[in-house]
Amino acid sequence: MSEKAVAPSRHATRVAAQAGNPRVDRFSVLLVAVAATLWASDAYFRNQLIGHLSPTQIVVAEDALVTLFLVPVLVRSWRDLRHLGARGWVAVALIAAGAQALATILFTASFSYGIYAETFVLQQTQPLIAIGLAWIVLGERRRRWFWPTAAVAVAAVYMVVFAQDPLAPISALQKGRLEAGLLALGAAALWASGTVLGRFALGSISFWSMTSLRFTLALPVLVGIALMQYGPAGFTHYRFTDFVPNLLAIAIVPGLLALLLYYRALSRTPASLATIAEMAFPVTATLIASAPPPWGFNQPLYATQIIGTGLLLGVIVLFNWSKEKAPPVVQATAA
């Protein structure tokens, strides 16, 4: 799916002009990090549902609620979708089925083995996979100083996630199960591909359309998975108190608002920089775990976590300040 550099089409130019906002574009890398922080906020509400609903049932309900909000947007922007092209539709379909649906299920399944450190350490491969895919699919090239800076960001996240026992991943990988590792690695690869493919699709459609397609196309996939796991009875366990406020809050904040902000910022951010900014998600999730129950797990806060958070924020600010101009990726069209 690699693309050759081509002159922007009239439609691509129009999409870029409509999306253009100098103030937003100036802080696009920072806004990706803000969106990733919002993703972690679902822990506050998801903890109230775990035990009564399975992870698949929670994700299905969340996706269905967001889809209800976005169907009018999708209908109104239907003409915009004609410019997506065959490869663009493939990219969007892979995002919906992979990054939106399957990745979450794989990540959750990896926790069923009880080897949490192995899962978290393998998640650190996500930016490396995304950077490689951005090079292959989008032709992105970074300057030499990018690599040591990205390494600092990965090390910072490691400091936050494994502050209590820095050697935990080593023992987990030695005693871990192959199945748990493959599940975590599969989730990381799917989320990384979602960043790159989203950047690719945003060259032809607006961030409103991209967000709408991600949720609406993922819904039938999630419903199918739920039916295979539980049958029709799996949809009878919902209660009104599940939707208000918990599922509704998950759908609006880490779902709808976060993804709209994410794709708006991604349209002006190289994928290899965006994937580093997305590392704000595991950092925020780890810090949220220090909150008292039922919102968190009352985990102690360590000095290394504060240092690691500061390092990651410094890297994100540096990338935002120094990022090259990044117009939306334009799909190659037949002559």
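Whatever comes next refers back to the structure up there.
Right, let's walk through the structure included here.

What counts and what doesn't
Residues numbered from 1 in each chain as written. Predicted model: local features only at pLDDT ≥ 70, side-chain atom pairs only at ≥ 80, totals over all residues. Heavy atoms only, no water. Helix = DSSP H or I, 4+ residues; strand = E, 2+ residues; numbered from the N terminus. Buried < 20%, exposed > 50% of the residue type's maximum accessible area, 1.4 Å probe, protein only. Contact = heavy atoms within 4.5 Å. Salt bridge = Lys/Arg side-chain N within 4 Å of Asp/Glu carboxyl O. Expected span 1.5 Å × (residues − 1). Arc of directions from axis to C-beta. Core = buried A, V, L, I, M, F, W, Y, C linked by side-chain atoms within 4.5 Å. Phe/Tyr/Trp six-rings, centres within 6.5 Å; stacked < 30°, edge-to-face > 60°.

## Details of the overall build of the chain
Part 1 of the argument: The helix and strand inventory of the chain stands at 17 helices and 0 strands.
Part 2 of the argument: Taking all 335 residues of the chain together, the buried fraction comes to 52%.
Part 3 of the argument: Within the chain, contacts between residues at least 6 apart in sequence are counted, and of these 90% link residues at least 24 apart.

## A word on the pattern of salt bridges
Part 1 of the argument: Evaluation of the coordinates by the stated rule reveals 1 salt bridge.
Part 2 of the argument: Arg142 serves as the salt-bridge partner of Glu140, at 3.5 Å between the closest nitrogen and oxygen. The same class applies to Glu140 and to Arg142, which are both buried.

## Comments concerning helix 10 (residues 146-161)
Part 1 of the argument: End to end, helix 10 covers 23 Å across 16 residues, agreeing with the expected 22 Å (1.5 Å per residue, within 8%).
Part 2 of the argument: Those residues of helix 10 not exposed but buried are Phe146, Thr149, Ala150, Ala153, Ala156, Val157, Val160 and Val161. Buried residues of helix 10, seen end-on, are gathered within an arc of 130° and therefore sit on one face of the element.

## So, the environment of Trp145
Part 1 of the argument: Mapped onto the fold, Trp145 is located in the loop between helix 9 (126-138) and helix 10.
Part 2 of the argument: Setting aside anything within four residues of it in sequence, one finds Trp145 in contact with Leu318, Phe319 and Ser322.

## Some remarks on the nonpolar core
The nonpolar side chains of a soluble globular protein tend to be buried, and buried together.
Part 1 of the argument: Counting 84 residues, the largest nonpolar core has Met210, Tyr262, Tyr263, Ile276 and Leu312 as the members making the most contacts within it.
Part 2 of the argument: When residues in this core are grouped by element, the largest group, 11 residues, is from helix 14 (residues 240-266).
Part 3 of the argument: Beyond its immediate sequence surroundings of up to four residues, Ile276 is in contact with Pro127, Phe146, Ala150, Ala153, Leu312, Val315 and Phe319.

## A few points about the environment of Trp78
Part 1 of the argument: Here Trp78 is to be found in helix 6 (residues 78-81).
Part 2 of the argument: For Trp78, a relative accessible area of 55% translates into the label exposed.
Part 3 of the argument: Between the C-alpha atoms of Trp78 and Ser209, which are 131 residues apart in sequence, the distance is 8.4 Å.

## Topic: the side chain of Gln57
Part 1 of the argument: Inspection of the secondary structure puts Gln57 in helix 5 (residues 55-76).
Part 2 of the argument: For Gln57, the contacting residues outside a window of four places in its chain are Tyr230, Gly234, His237 and Tyr238.

## Some details on unusual backbone geometry
Part 1 of the argument: Between Val244 and Pro245 the backbone carries a cis peptide bond, its omega angle lying at 5°.
Part 2 of the argument: Residue placement: Pro245 occurs in helix 14.

## Some thoughts on helix 9
Part 1 of the argument: For helix 9, spanning 13 residues, the distance from its first C-alpha to its last is 17 Å, which sits close to the expected 18 Å at 1.5 Å a residue.
Part 2 of the argument: For helix 9, every residue scored as buried is listed here: Gln126, Pro127, Ala130, Ile131, Ala134, Val137 and Leu138. Looking straight down helix 9, one finds its buried side chains confined to an arc of 150°; they lie on one side.

## With respect to the packing of aromatic side chains
Part 1 of the argument: With the rule as written, the count across this model stands at 10 aromatic pairs.
Part 2 of the argument: Ring centres of Trp39 and Phe281 lie 6.5 Å apart, and the angle between their planes is 70°; on these two criteria the pair is classed as edge-to-face. You can see Trp39 sitting in helix 3 (residues 28-40) and its partner Phe281 sitting in helix 16 (residues 280-288), a full 242 residues away along the chain.
Part 3 of the argument: Ring pairing ties together the aromatic residues Trp39, Tyr262, Tyr263 and Phe281, which thus form one cluster.

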